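Residue-level structure breakdown
Listed below are the residues making up each chain.
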Amino acid sequence: MTNDVSAGAARIHWIEDGEQRSARWRSESGWPAPKKVVVADDTMTADAAYRLALDGTALLWRGDFHNARQLLQALVRRIDHKSPRGKRKAGKPAGTLTEQFHRHRLAQLQRARTLAMLLIPFQADHTIPLRRAPDVREACLEAYGAAAPGHDDAQDNARSGAHDGAAGSAHGEAYVASLRELLGLVGAHEWRRKGVFIPALDERIHPWYGVFSPVRGEYVELVAQAPVPARATLAFDVGAGTGVLSAVLARRGLQRVVATDMDARALGCARDNIQRLGLAAQVEVVRADLFPEGRAGLVVCNPPWLPGKPSSSIEYAIYDPDSRMLKGFLAGLKDHLLDGGEGWLILSDLAEHLGLRSREQLLGWIEAAGLAVAGRHDIRPAHPKASDPDDPLAAARMVELTSLWRLRAAAPEAG
């Protein structure tokens, strides 16, 4: 019941029907392969499953798929029943906002880790060999890609025993992933299919799995309303994600927009959205770490808003380790602005209210980069958590502002 890595792919091992078996491990969240795995089916009670999951023992499901979903919901109820929310309501001291945030993060991490312990087997073609399992092949293809030959497939597939003797195909390898991740893949597939309506475009943006969806529309409105610098014809969109801000800038009349990102999914997603919107002649999507080559009259960046270490790959859109992207954008902005140009930094002040970054720090980084603040446009978030008194971070969220900072090269000092 230990793990190894073969040809770069993590594996899980378990004993079933008296035989040692293994399968490839997949986790888009970056979870390590569980070290302890037991086989579970419809006879397992929710209490037993909860105890095993808390202990770090993964449950490889062999029963009815819908029963697995019900079991996951039962685990959610047990975790939420144990959450610290009730303790806060009982009058126990909550501590500072910073302490509340770190407790909330730790609780989120523990919750996610526990729920990730319920595992589902997959065939190499992304079918699920369980009773009443849905067809999730399209969602898995979008997240995982097409099946590719694995390490010594014939031997490994014979050992993996995905279910009832079925074990992958000649074109790939059977694998195991958490049910919670699968449900996330399916949800992301629906977001991608339906799209997110963007009022500033009067169109839909279609986010891909792993690319942050523009559901918090206030920052898009800021970019749609801020005055564009005079004579600006070229704009850079640094860290473009879905490409939504590039599309807004193009629709506002910028003759050319260069959108950058380092993530392959984000690049594909941005190109797809730009093509859907008929803006490919105006917007070029390129792979670059922050800035593309050259200078522009307008450079826009919407970095992750909270300094901190992401606990999964998807959280890189929320947490900026050591404020690397924010500080990198500020440090390099001056060298990528044309005379009279502006850099637009879109940033929430939630980190300031949580004690994770001070306003003085931000202004110090701006000044150290040779920049000056030409103006700032603020807007209050309208998402549900902003007005939810039961949210663990309600005190900070209720005073949060999202701002567009208009930055220019500072004038040289006289004398």
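Note: the structure precedes this text.
Description of the structure in this document. (Residues numbered from 1 in each chain as written. Predicted model: local features only at pLDDT ≥ 70, side-chain atom pairs only at ≥ 80, totals over all residues. Heavy atoms only, no water.)

1. Focus on the overall build of the chain
As a reminder of what qualifies: Helix and strand assignments follow DSSP, with helices taken as H or I runs no shorter than four residues and strands as E runs no shorter than two, numbered in order from the N terminus. Partly exposed describes any residue whose relative accessible area lies between the buried limit of under 20% and the exposed limit of over 50%, with all areas from a 1.4 Å probe on protein chains only and scaled to the type maximum. Only the protein chains shown count as cover for residues, with accessible areas throughout obtained via the Shrake-Rupley method and a probe of 1.4 Å.
Per the secondary structure count, the chain includes 14 helices and 18 strands. By the burial criterion, 50% of the 415 residues in the chain qualify as buried. Only carbon and sulfur atoms are counted for the fraction: they give 51% of the accessible area of the chain, which is about 19700 Å².

2. Description of the pairing of strand 16 (residues 337-348)
The two faces of a sheet get side chains in turn, since along a regular strand they alternate between them. Where we set the bar: For two strands to be treated as a pair, DSSP must find at least two bridges joining them.
The element strand 16 is largely enclosed, with a buried count of 9 among its 12 residues. With 5 bridges connecting them, strand 13 (residues 296-301) and strand 16 associate as parallel partners. Looking across to strand 16, one finds that A296 is bridged to L337.

3. Considering the packing of helix 1 (residues 46-54) against helix 2 (residues 65-81)
Cut-off, in case you're wondering: Lines fitted to C-alpha atoms define the axes, with helix axes restricted to the stretch in contact, and inter-axis angles between N-to-C directions lie between 0 and 180 degrees. Every angle not falling under 35 degrees, over 145, or within 65 to 115 is termed oblique; those three ranges are roughly parallel, roughly antiparallel and roughly perpendicular. Helix crossings are classified by the rotation of the near helix relative to the far one: an anticlockwise turn of less than a right angle makes the crossing left-handed, while a clockwise turn makes it right-handed. We call two residues contacting when some pair of their heavy atoms lies within 4.5 Å. Ten residues, namely Ala, Val, Leu, Ile, Met, Phe, Trp, Tyr, Cys and Pro, are considered nonpolar, four, namely Asp, Glu, Lys and Arg, are considered charged, and the remaining ones, Gly among them, are considered polar.
Following both chains from N to C, one finds helix 1 and helix 2 inclined at 70°, their axes separated by 10 Å at the closest point. On the basis of the axis angle, helix 1 is roughly perpendicular to helix 2. Viewed along their axes, helix 1 and helix 2 form a crossing whose handedness is right-handed. Facing A46, D47, A49 and Y50 of helix 1, the residues of helix 2 in contact are L71, A74, L75, R78 and I79. Residues of the contact of helix 1 with helix 2, tallied by class, amount to 7 nonpolar, no polar and 2 charged.

4. Notes on the side chain of R192
The cut-off we apply is this: Counted as positive: Lys and Arg. Counted as negative: Asp and Glu, with His and the chain ends omitted from the count. In the sections that follow, a salt bridge refers to a side-chain nitrogen of Lys or Arg positioned within 4 Å of a carboxyl oxygen of Asp or Glu.
Take R192: it is sitting in helix 7 (residues 179-194). There is no salt bridge for the buried R192, and the closest opposite charge comes from E142, which lies 4.0 Å off by N-O distance. Those residues in contact with R192, other than ones at most four positions away along the chain, are E142, H206, P207 and W208.

5. Some details on the packing of helix 8 (residues 218-225) against helix 9 (residues 244-251)
Put simply, helix 8 and helix 9 touch, their axes get as near as 9 Å, and they point 25° apart. With respect to helix 9, the element helix 8 is oriented roughly parallel. Helix 9 is crossed by helix 8, and the crossing has right-handed handedness. Together, Y219, V220, V223 and A224 of helix 8 and V244, L245, V248 and L249 of helix 9 make up the contact between the two elements. Taken together, the residues of the contact of helix 8 with helix 9 break down into 8 nonpolar, no polar and no charged.

6. Some words on the nonpolar core
What counts, and what does not: The definition of a nonpolar core used throughout is a set of buried Ala, Val, Leu, Ile, Met, Phe, Trp, Tyr and Cys residues joined through side-chain atoms within 4.5 Å.
Counting 59 residues, the largest nonpolar core has L249, V299, L330 and L345 as the members making the most contacts within it. If one sorts the elements of this core by residue count, helix 9 sits on top with 6 residues. Once you skip the residues sitting within four places of it in the chain, L330 turns out to touch L345, L362, W365, I366, A369, L371 and L407. Of all hydrophobic cores here, the second largest spans 30 residues; its members include L71, A74, I79 and L115.

7. Quick notes on unusual backbone geometry
For D202, which is not glycine, the phi torsion reads 55° and is therefore positive. Assignment of secondary structure puts D202 in the loop between strand 8 (196-198) and strand 9 (203-205). You will see that S323, though not glycine, has its phi angle at about 55°, which is positive. With respect to the helices, strands and loops of the structure, S323 is situated in the loop between strand 15 (319-320) and helix 11 (324-333).

8. Topic: the pattern of salt bridges
A side chain with one charge may pair with a side chain of the opposite charge, provided their charged atoms come close. Scanning the model with the defined rule gives 25 salt bridges in all. Across the pair R21 and E16 runs a salt bridge whose closest N-O atoms are separated by 3.7 Å. What you see here is one network of salt bridges that share partners, running through E16, D17, R21 and R62.

9. What about the sheet that holds strand 16?
The strands making up a sheet associate through hydrogen bonds between their backbones, and the pairing can be parallel or antiparallel. Strand order across the open sheet formed by 7 strands is 12-11-10-13-16-18-17, with mixed pairing between neighbours. Only two strands of the sheet have a single neighbouring strand rather than two, namely strand 12 (283-287) and strand 17 (371-379). On average, adjacent strands in this sheet sit at an angle of 20° to one another, irrespective of strand direction. Pairing of strand 17 with strand 18 (residues 402-409) involves 8 bridges; the strand directions are antiparallel. Note that in strand 18 the partner of D378 across the bridge is S403. Across the sheet, helix 10 (residues 264-276) lies against strand 11 (256-261) and strand 12, angled at about 170° from strand 12, the strand it touches most.

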